[in-house]
Amino acid sequence: MTPRSAPPRVLTVAGSDSGGGAGIQADLKTMLALGTHGMSVITAVTAQNSLGVHGAWPLPATAVIAQFRAVVDDIGVQAVKTGMLASAELVEAVAGLLRPLDVPVVVDPVGVSKHGDALLAHDALDAVRHRLLPVATVATPNLDEVTQLTGVTVTDESGLRTAAAAILALGPQWALIKGGHLPGDALDLLTDGITEHWLRAPRLDNSHTHGTGCTLASAIAAGLAADRTVPDAVAAAKDYVTGAISAGFALGSGIGPVDHGHRLRGGGDGAAVLG
Ligand SMILES: Nc1ncnc2c1ncn2[C@@H]1O[C@H](COP(=O)(O)OP(=O)(O)O)[C@@H](O)[C@H]1O
Ligand SMILES: Cc1ncc(COP(=O)(O)O)c(N)n1
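The name recorded for the protein in an unreviewed UniProt entry is Bifunctional hydroxymethylpyrimidine kinase/phosphomethylpyrimidine kinase, from Streptomyces bohaiensis. The protein has a UniProt comment under Function (unreviewed entry) that states "Catalyzes the phosphorylation of hydroxymethylpyrimidine phosphate (HMP-P) to HMP-PP, and of HMP to HMP-P." According to UniProt, the comment filed for the protein under the heading Pathway (unreviewed entry) is "Cofactor biosynthesis; thiamine diphosphate biosynthesis; 4-amino-2-methyl-5-diphosphomethylpyrimidine from 5-amino-1-(5-phospho-D-ribosyl)imidazole: step 3/3."

Quick look at the structure:
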């Protein structure tokens, strides 16, 4: 029998969401759905459901570093995604681990959950700005995170350019500014400061959007691990997350998850228009 070749290996460094819609759980489901081998470094455990985050316990930096070394030194990774990092100490530790690693890094600078619960200590913002964003291949802030990190407030589509310039000034190679929280189409801007790619999808009338940002960032990392270019990986990820949002379902009595398995259930991806 011919030995099967291994799928691309992708690592998520993020928090656990006990409800299974966001965080590590969303990341691993997305990575599997996109044909890659997902691996995880857990930074924090949250007690979370459709109503919100009921408790969060960051792990010691030694536990985060040990997980990372165990995976990277033996199995190896072809792309990394970071999500909830909880504290300044963990942001510093993760940035230090990523700096010498020669693979694409997608940084989702998670600050606050959909329910408004803090997932990052306020005193960690400087470490995100000056340690983590400089090691990012792609940074994927939502509009609240743009404001937290740069002071820029976006109220309409034209503000996405100003937001991207402010994020790029902090050092990532590419900025993907997610306009998901603006009214109208779900329009995101991807730019490296030279080229611009506008990704437009229809706004889906579905309140079950828990985990959108984690899903998008993990899908980008999966594409990069499979050697796609950044614009190709982001376009494919936008189609995947649009399909997942359109299939999002009610669970519990609050905000339900996007459906990471929509393809398994016969659902299609979205078809974002690129500009
Ligand atoms: N209702 C919606 N319909 C279609 N796309 C959406 C909707 N809400 C968010 N998106 C898209 O989902 C992705 C994640 O964005 P967003 O929800 O802003 O991230 P976050 O989870 O970090 O707040 C973006 O591509 C955004 O445009
Ligand atoms: C562990 C963890 N990581 C990230 C999010 C953000 O996801 P959302 O913005 O959809 O609440 C979350 N709620 N929990």
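And the narrative resumes.
Participant: Just to check I follow, could you spell out unusual backbone geometry for this structure?
Facilitator: Most peptide bonds take the trans configuration, and most residues that are not glycine carry a negative phi. Despite not being glycine, Ala86 has its phi angle at roughly 70°, a positive value. With respect to the helices and strands, Ala86 occurs in the loop between strand S4 (79–82) and helix H3 (88–98). The backbone of Asp227 shows a phi angle near 70°, a positive value even though the residue is not glycine. Relative to the elements of secondary structure, Asp227 occurs in the loop between helix H7 (212–225) and helix H8 (230–246).

Participant: What am I meant to see in the pairing of strand S1 (residues 9–17) here?
Facilitator: The element S1 is largely enclosed, with a buried count of eight among its nine residues. Summarising the sheet, S1 and strand S2 (residues 37–49) pair through nine bridges and their orientation is parallel. Considered in S2, the bridge of Gly15 is made with Ala44. With helix H1 (residues 23–33) bridging S1 and its parallel neighbour S2, the resulting β-α-β unit is right-handed. Here S1 runs beside S4; their pairing, made up of four bridges, is parallel. Paired with Val13 across the bridge in S4 is Thr82.

Participant: Help me understand the site of ligand 1, please; the structure alone is not making it clear to me.
Facilitator: Close to ligand 1 lie 15 residues; Lys178, His181, Asp188, Leu204 and Thr212 are nearest. Lys178 is positioned such that a nitrogen or oxygen atom in its side chain is 2.8 Å from an oxygen atom of ligand 1. One of the side-chain nitrogen or oxygen atoms of Thr212 is found 2.8 Å away from an oxygen atom of ligand 1. Summarising the interface, the protein chains cover 94% of the accessible area of ligand 1, which totals 560 Å² for the free molecule.

Participant: When you look at the UniProt feature "domain: Pyridoxamine kinase/Phosphomethylpyrimidine kinase" (unreviewed entry) in the protein in this model, what are you seeing that I'm missing?
Facilitator: The UniProt feature table records "domain: Pyridoxamine kinase/Phosphomethylpyrimidine kinase" (unreviewed entry) at residues 17–259. For residues 17–259, helix accounts for 39% and strand for 19%, while the C-alpha atoms at its two ends are 15 Å apart.

Participant: Help me understand the nonpolar core in this model?
Facilitator: If you look at the biggest cluster of nonpolar residues, it comprises 57 residues, and the most contacted ones within it are Leu11, Val77, Val80, Leu98 and Ile177. A per-element tally of this core places H3 first, with seven residues. Residues contacting Ile177, with those up to four places away along its chain left out, are Pro141, Leu143, Val146, Leu160, Ala163, Ala164, Ile167, Leu187, Asp188 and Leu189. Residues Val10, Ala79, Ala235 and Val258 belong to the second largest nonpolar core, which totals 26 residues.

Participant: It is not clear to me how the site of ligand 2 should be interpreted in this structure. Could you clarify?
Facilitator: Ligand 2 sits among Gly15, Ser16, Ala22, Gly23, Gln48, Met84, Ser113, Lys114, Leu119, His210, Gly211 and Cys214. One nitrogen or oxygen atom from the main chain of Lys114 is found 2.9 Å from an oxygen atom belonging to ligand 2. Interatomic distance of 2.7 Å between a backbone N/O atom of Gly211 and an oxygen atom of ligand 2. Here ligand 2 has 350 Å² of accessible area as a free molecule, and 94% of this is covered by the chains. Split into classes, the residues belonging to the shell around ligand 2 amount to four nonpolar, seven polar and one charged.

Reading guide: rules and limits
- Residues numbered from 1 in each chain as written.
- Chains lettered and ligands numbered in written order.
- Predicted model: local features only at pLDDT ≥ 70, side-chain atom pairs only at ≥ 80, totals over all residues.
- Heavy atoms only, no water.
- UniProt positions renumbered as here; feature names shortened; annotations may be inferred.
- Helix = DSSP H or I, 4+ residues; strand = E, 2+ residues; numbered from the N terminus.
- Buried < 20%, exposed > 50% of the residue type's maximum accessible area, 1.4 Å probe, protein only.
- Pairing = 2+ DSSP bridges.
- Right-handed = clockwise from strand over helix to strand, strands pointing away.
- Near = heavy atom within 4 Å.
- Polar contact = N/O pair within 3.5 Å; in protein donor to acceptor, adjacent residues only side chain to side chain.
- Areas by Shrake-Rupley, 256 points an atom, 1.4 Å probe, with all protein chains shown as cover.
- Core = buried A, V, L, I, M, F, W, Y, C linked by side-chain atoms within 4.5 Å.
- Contact = heavy atoms within 4.5 Å.
- Nonpolar A, V, L, I, M, F, W, Y, C, P; charged D, E, K, R; others polar.

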